[in-house]
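What the coordinates show
Letter by letter, the chains look like this.
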Amino acid sequence: MKSRVALLFCDTYESDKVYEKLKKGFELLGGVKSIFKPDEKIFLKLNLVRGAAPERAVTTHPSVATQTARILSEEGFENIKAGDSAGFGSSVKIMTDLGLEPDFNKYGVQMTECREGVKVDFEDGIHAKSFVLSKEVVEADALVSICKMKTHALEYITGAVKNQYGCVHGLNKAKGHTVYSSQESFAKMLVDLNKCIRPRLYIMDGIVAMQGNGPTSGDPVNMNILMMSEDPVALDAVFCDMIGLNPENIPTIAYGKQMGLGTYLEDEIEVVSETGTLTFKEVFERFGKPDFDVIRTKHTSKGVMGWVTKLARFKRKPKINKELCRKCGVCVEACPVEGKAISFANGRNNPPVYDYKKCIRCFCCQEMCPHKAIFVKGKM
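The rules behind these values
- Residues numbered from 1 in each chain as written.
- Predicted model: local features only at pLDDT ≥ 70, side-chain atom pairs only at ≥ 80, totals over all residues.
- Heavy atoms only, no water.
- Helix = DSSP H or I, 4+ residues; strand = E, 2+ residues; numbered from the N terminus.
- Rg over C-alpha atoms; globule rule 2.2 N^0.38 Å.
- Buried < 20%, exposed > 50% of the residue type's maximum accessible area, 1.4 Å probe, protein only.
- Contact = heavy atoms within 4.5 Å.
- Areas by Shrake-Rupley, 256 points an atom, 1.4 Å probe, with all protein chains shown as cover.
- Pairing = 2+ DSSP bridges.
- Expected span 1.5 Å × (residues − 1).
- Phe/Tyr/Trp six-rings, centres within 6.5 Å; stacked < 30°, edge-to-face > 60°.
- Lys NZ or Arg CZ within 6 Å of the ring centre and 35° of its normal.
- Disulfide = S-S within 2.5 Å.
- Salt bridge = Lys/Arg side-chain N within 4 Å of Asp/Glu carboxyl O.
- Axes fitted to C-alpha atoms, helices over the stretch in contact; angles between N-to-C directions.
- Parallel < 35°, antiparallel > 145°, perpendicular 65-115°, else oblique.
- Left-handed = near helix turned anticlockwise from the far one by under 90°.
- Nonpolar A, V, L, I, M, F, W, Y, C, P; charged D, E, K, R; others polar.
- Lys, Arg positive; Asp, Glu negative; His and termini not counted.

What the protein chain contains, in helices and strands, is 13 helices and 16 strands. Relative to the compact-globule value of 21 Å for 380 residues, the protein chain shows a C-alpha radius of gyration of 20 Å, a close match. Its C-alpha atoms give the protein chain principal-axis dimensions of about 60 × 45 × 40 Å. Each of the 380 residues in the protein chain was classed as buried or not, and the buried ones make up 59%. Considering only contacts within the protein chain whose residues lie at least 6 apart along the sequence, 73% involve residues at least 24 apart. Of the roughly 15800 Å² that the protein chain leaves accessible, carbon and sulfur atoms contribute 47%.

Side-chain direction in a regular strand flips from residue to residue, so the side chains alternate between the two faces of the sheet. The element strand S7 (residues 142-152) is extensively covered by neighbouring structure, given that eleven of its eleven residues are classed as buried. The pairing of strand S2 (residues 42-46) with S7 spans five bridges and is parallel. Bridging across to S7, Ile42 finds its partner in Ala142. Relative to strand S9 (residues 201-211), S7 runs parallel, the two being bridged by six bridges. Residue pairing in the sheet places Lys148 in a bridge with Asp205 of S9. Direction of pairing for S7 relative to strand S8 (residues 156-158): antiparallel, over a ladder of three bridges. In the strand pairing of S8, Lys150 is matched with Thr158. Between S7 and S8, which pair antiparallel in sequence order, lie three residues.

Over its 13 residues, helix H2 (residues 62-74) runs 18 Å from end to end, which matches the ideal 18 Å to within 8%, given 1.5 Å per residue. A large share of H2 lies buried, amounting to eleven of its 13 residues. Of all the positions in H2, only Pro62, Ser63, Val64, Ala65, Thr66, Gln67, Thr68, Ala69, Arg70, Ile71 and Leu72 are classed as buried. Among the residues trailing H2, Gly76 stands out with phi positive, at a value near 100°.

Before going further, it helps to spend a moment on the packing of aromatic side chains. Going through the model one piece at a time under the given rule, you end up with four aromatic pairs. Centroid distance Tyr165 to Phe186: 5.0 Å. Interplanar angle 70°. Geometry classified as edge-to-face. Of this pair, Tyr165 sits in the loop between S8 and helix H6 (172-179) while Phe186 sits in helix H7 (residues 183-197), placing them 21 residues apart in sequence. Neither residue differs from the other here; Tyr165 and Phe186 are each classed as buried. Judged by centre distance (6.2 Å) and plane angle (85°), the ring pair of Phe239 and Phe292 falls under edge-to-face. You can see Phe239 sitting in helix H8 (residues 232-242) and its partner Phe292 sitting in the loop between helix H10 (280-287) and helix H11 (307-313), a full 53 residues away along the chain. The positively charged end of Lys317 is found above the aromatic ring belonging to Tyr356, 4.4 Å away from the centroid.

A word on the state of the cysteines. What makes a disulfide is a covalent bond joining the sulfur atoms belonging to two cysteines. Evaluation of the coordinates by the stated rule reveals zero disulfides. Cys196 carries a free sulfur, and the closest cysteine sulfur to it, the one in Cys167, is 9.7 Å from it. No disulfide involves Cys365; its sulfur sits 6.4 Å from the nearest other cysteine sulfur, which is in Cys359. Judged by relative accessible area, Cys365 falls into the buried class, the value being 7%.

Quick look at the pattern of salt bridges now. Following the criterion strictly, the structure yields 15 salt bridges and no others. Between Arg4 and Glu270 there is a salt bridge, with its nearest N and O atoms 3.1 Å apart. A residue pair is termed long-range when its members are at least 10 positions apart, and Arg4 in strand S1 (residues 3-9) and Glu270 in strand S11 (residues 269-273) qualify at 266 residues. For Arg4, a relative accessible area of 35% translates into the label partly exposed.

Here we come to the packing of H8 against helix H9 (residues 251-258). Following both chains from N to C, one finds H8 and H9 inclined at 140°, their axes separated by 10 Å at the closest point. The pairing of H8 with H9 is recorded here as oblique in orientation. Crossing handedness for the pair H8 and H9: left-handed. Seen from H8, the contacting residues are Val233, Asp236, Ala237 and Cys240; seen from H9, they are Ile253, Gly256 and Lys257. Counted by class, the contact of H8 with H9 contains four nonpolar, one polar and two charged residues.

Quick look at the packing of H8 against H10 now. Packing of H8 against H10 leaves a shortest axis separation of 8 Å and a crossing angle of 55°. As judged from the angle between their axes, H8 and H10 are oblique. As for the relative orientation of H8 and H10, their crossing is right-handed in sense. Of the residues in H10, those in contact with Ala237, Val238, Asp241 and Met242 of H8 are Phe280, Val283, Phe284 and Phe287.

What follows concerns the side chain of Glu136. Mapped onto the elements of the fold, Glu136 is located in helix H5 (residues 135-139). For the buried residue Glu136, which engages in no salt bridge, the nearest side chain bearing the opposite charge is Lys81, 5.6 Å off. When near neighbours in sequence (up to four residues on either side) are disregarded, Glu136 contacts Phe43, Lys81, Thr112 and Cys114.

All we've got here are geometric facts, nothing functional implied.
Shown next as C-alpha cells:
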C-alpha cells in the first residue's frame, strides 16, 4: 500500500477555515477513527522550540494546534495533552503567550510542561538504542506530531521527522548533539527516535513557513498549505518537492527510507487533495516555490552523505552579527559542548566569541538566538 499524504490548500489561519481543512484531511486519510482507538490518551506534540509571536513562523501556529484539538474533542476523545520539551524556556508559558489556553480549555486539552524524563530502551534501534523521553510522551497511547514547515541549519529542513527531537527530555537534547555530532549521525538518531515513539499522525503547518536562517531566525513565507500523513518521510518528501529539493539529498529523508521509517519514492506515495490525486509534478506546478531560500546540497546519488559533503559541512560555521547581538548569553547557554565552543572570552561587554576547534557544527547557538544575530556562513 502506498503512503498517503493529504495536501490541503489553506491561505489563512482563520480558525473555522483551518478546522474545515483539517477535517477534510482526516477524511482523505480514512477518518479519525481509522487512526485512533476509542478512549486513547493522545499527546499533541507541538513545535515550541522557543517563544516567538505566531507571525514569526517559529512555532506551530495556535490555530493549527487548537483546531486539531477541536476535531479530536468532537470525535469523543477526552484525555488529550499538549506540549513539547522546549529548546529554551517554559513550554506552558510559550503556549500561554501564543494564546492557546482558552481554546485548549474549551476542548479539554491539558497543557504540560514535560518536566520529568523517562529512559526508554529501544533494542530495535539501528543507530540509537535508548532515549530519555518526556514522561507525557511515554504515557500517551498515541502521539500527534504537529510540526512547522521550516529550514534548518544542520539537517536543511525541519518538518515531520525532525519534530520528534522535542520528545527528548530537557538537557538530554543538548547531550544528544554531542553524542550524535555529525549531520548523518544525528539524522540516523532522529529516524530511530521516530521508530521508537511511533507517532500515529503527522500534521505539517505550512500555511506560513520559514525560509532562510531557520529554524528560528529565518523569514516567514506564504506556502498556503496544510499537510497530513501517517508517514513522516513521505510528508517531508512532498515538502521537498514543493520547494524544488531532491528529497534523497535530505539526510533525515534518505536515512528514513534506508532504515525503514517511510518512503520518499514518488511511485510509493499517493498525494491526495480536495481536487483528487496529484503527481509530484502537479504538486510542484500548483504549489511549488522554486526560489524558497534553503540550503541546496550535493550528496551522493544514493542520498547518503559522502566525504565531499562532510568536508563541505565543516567549511560552514556559525558567526555572530555584532550589530544585532545583545549579549544575552542564550547562545552560550545553548552550546552543548563540554567547556563551551562559544563564550564571553572578551568579557560580557562584548559579543561572545567562538572556539572553532571545539565547535561541532550542531548550530544550537544559531537555533536558540532570540535576536537573529547568529548566521551560518560558508558554502556547501
